[in-house]
Amino acid sequence: MSDTDSKRARSSDERLSDSDLTAADNPRISKRRAMTHASAQSQALDLLPNAQMYERSYMHRDSVDHVVVTATGFVITVSTDGHVKFWKKRDQGIEFAKDFRAHLRGIRACAVSLEGDLFATCSIDENDKTVKIFDVVNFDMIAIITADCVPSTLCWATDPVDQSICIMVADSARPVVYTYGPYASVEAKRTIETVHRQPVALMAYNPVLDCIVSTDNGGMVEYWSLDKPHELPQTVDFTLKSQTSLYEFKKSKCVPTSLTFSPDFELFACTSTGDSAVRVFRSSTGKLFRKYDESAGASNTIQHSDQSGRFKLDNMEFGRRLVVENELLKAPAGRTANAVFDQSSRFLLYPSLFGIKVVDIAGNKVVRVLGKPEPNRFVNIALCQSIPGQNGANLELAASANPGAKSASDPTLFCTAFKRNRFFMFTREEPDHTDQGADRDVFNERPTREEASLAVMPTKHQAAKSAAIRTTVGDIHVALYPEHAPKAVENFAALARNGYYNDVIFHRVIKGFMVQTGDPLGDGTGGESIWGRAFADEFTPQLRHDRPFTLSMANAGPNTNGSQFFITTVESAPWLDDKHTVFGRVTVGADIVRQIEQTKTDKQDKPLEDISILNIQVKSAES
């Protein structure tokens, strides 16, 4: 492939690869290559997860922001409260091993050695200069290094002088990198300066080229080695940076948020929240090979032009995801988004607004989307394909020769999600929705003493069972279901009793779908619960969006319920199930709902003439 061709960075929905361009002139070559390509693709895809929905999830106390898979068969999860959990990958599923409180505050960066036996973390706390070192196989903390700086990022590498493993620590305030031995080093082995002009943000070690690729806060990408940091490594295929695409981020005025090498170290992928693009570079030449645009504009184009339905979402769901996407890009959690390669280095996996995309890099097309029906916005991912005790080559050989080996490998994609205190597992098995296996979300954390005491406290009021929503066009009577959605009903009833909904307008009306209200600001951006914060979703098979006039909570994503609610008018809306909490149904006044539905609206679905709630009268079982 020529350098010119390598610069043809196309979006993820294009289908023509560079090899296709060459083969197109000769039908026989084209057909033969197409068959070879399809066969290789099919075998490699059999070693990847393919379930539409996650099979299992496990808890942390706080939001999970990193997940790492090691070469030794362990899974490590990190949460924003500084906890590090070790899990052992088994033939089927995982097994909990140990939990550490590594830091008092959140963890800024973590790194695992290539051999998978050492793991390191550093904190976001400006007063915490420590780097904690863990023995992965024995899941034990073996050293605490007090660095000469507040660390910004970490990377394991091999010292070229004595061939020993060392941990590189970048200074968050200056363009300086220190290297330490992993066993409680008191002094730095090396101090490397002036490779970058700004503080280093990311580092990754390539053992094939024996060099480090790093980026700084200004978006510059550099190649260097530990023994000669101010010279280009002799193993690369360029002599000047002008021959590469390493100015790509600088020109785009964005900063990479992740840097990951492929297993064969011939490629590396970078994500960026600045322009929401995923870029793939060739390691030896530094040239841009692929670029995938995942910005809101590109997603909007796909949403409205996708005729196959492969990516297209319900319009309301797409709008909700856009809101979550904008919030994610501004949040610290957005900087943990990454992309990973499969063992064959053929496929690139990365989370997006539509789900987790699996891209055939050679064919330059999306071949699979995981998690599209799920309401979560997945952020940080890690892939485990190998059978414990076997390497990747043996796994591919076993899969091609023995189809039974494919299922035995249990390929699993581990994912974190925005604002979720869980990590999720995508496998080749869909979740079991039978009564015996309905709970795919494992509650592996014990409740705190405060939570336990709250659970047994007597309620002050009898649970609300019905309500009359008195509007400017008539009354709507609803039945409430506290036995299935206790928090949603309690919140709705308390707000109603306090007069919170008085004079609030129906700010969004979509004919043939629903009417929405509950926002005191009147534009869909306001409102809060009685607890002053968002509260959790409450889903149950007994209450679904399977009929019109269903009363349901509006939200901006998983577990973001406040005060807004809507009443459906469509016959059924299964796409809302397990995304919005159903807590009631209209019993009298369906004609009033229809009257509100028929009102004229502007382009933002807001009624041209205000229709307001006068008040809501709540009744309990005894009243």
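Residues numbered from 1 in each chain as written. Predicted model: local features only at pLDDT ≥ 70, side-chain atom pairs only at ≥ 80, totals over all residues. Heavy atoms only, no water.

### As for the pairing of strand β3 (residues 74–79)
Both faces of the sheet carry side chains from a regular strand, because those side chains alternate between them. Within β3, 6 of the 6 residues are buried, which leaves the element mostly enclosed by the surrounding structure. Side chains F74, I76 and V78 of β3 all project onto a buried face; the interleaved residues V75, T77 and S79 project onto the opposite face, where all are buried too. When strand β2 (residues 64–69) meets β3, the two strands line up antiparallel, connected through 5 bridges. By the bridge assignment for β3, V64 is matched with S79. Linking β2 to β3, which pair antiparallel, is a turn of 4 residues; within it G73 sits at a positive phi near 85°. Of the strand pairs in this sheet, β3 and strand β4 (residues 83–89) are connected by 5 bridges, and their pairing is antiparallel. Within β4, the residue paired with V75 across the bridge is W87. (Buried < 20%, exposed > 50% of the residue type's maximum accessible area, 1.4 Å probe, protein only. Helix = DSSP H or I, 4+ residues; strand = E, 2+ residues; numbered from the N terminus. Pairing = 2+ DSSP bridges.)

### Considering the environment of V367
When you line up the elements, V367 lands in strand β24 (residues 365–370). C-alpha of V367 to C-alpha of Q41: the two residues are 326 residues apart in sequence and 9.4 Å apart in space. The contacts of V367, once residues within four sequence positions are left out, are Q41, L45, R310, F347, V358 and D360. (Contact = heavy atoms within 4.5 Å.)

### Some remarks on unusual backbone geometry
One non-glycine residue, F139, lies in positive phi territory at about 35°. With respect to the helices and strands, the residue F139 is situated in the loop between β8 (130–135) and β9 (140–146). Non-glycine residue S276 carries a positive phi angle of around 55°. Within the secondary structure, S276 sits in the loop between β18 (267–272) and β19 (277–282). Judged by its relative accessible area of 13%, S276 falls in the buried class.

### What about the packing of helix α5 (residues 296–305) against helix α6 (residues 315–330)?
The N-to-C vectors of α5 and α6 enclose an angle of 175°; their axes lie 12 Å apart at closest approach. One element, α5, and the other, α6, form an angle in the roughly antiparallel class. Along its contact with α5, which presents A296, S299, N300 and Q303, the element α6 presents N315, F318 and L322. Looking at side-chain class alone, the contact of α5 with α6 contains 3 nonpolar, 4 polar and no charged residues. (Axes fitted to C-alpha atoms, helices over the stretch in contact; angles between N-to-C directions. Parallel < 35°, antiparallel > 145°, perpendicular 65-115°, else oblique. Nonpolar A, V, L, I, M, F, W, Y, C, P; charged D, E, K, R; others polar.)

### Considering the sheet that holds β2
The antiparallel open sheet is built from 4 strands, whose spatial order is β2-β3-β4-β5. Either end of the sheet is taken by a strand with one partner, and the two such strands are β2 and β5 (94–101). The sheet shows a mean angle of 20° between the axes of neighbouring strands, taken without regard to direction. The sheet contact formed by β4 and β5 spans 7 bridges and is antiparallel. Its bridge partner lying in β5, V84 is registered against F100.

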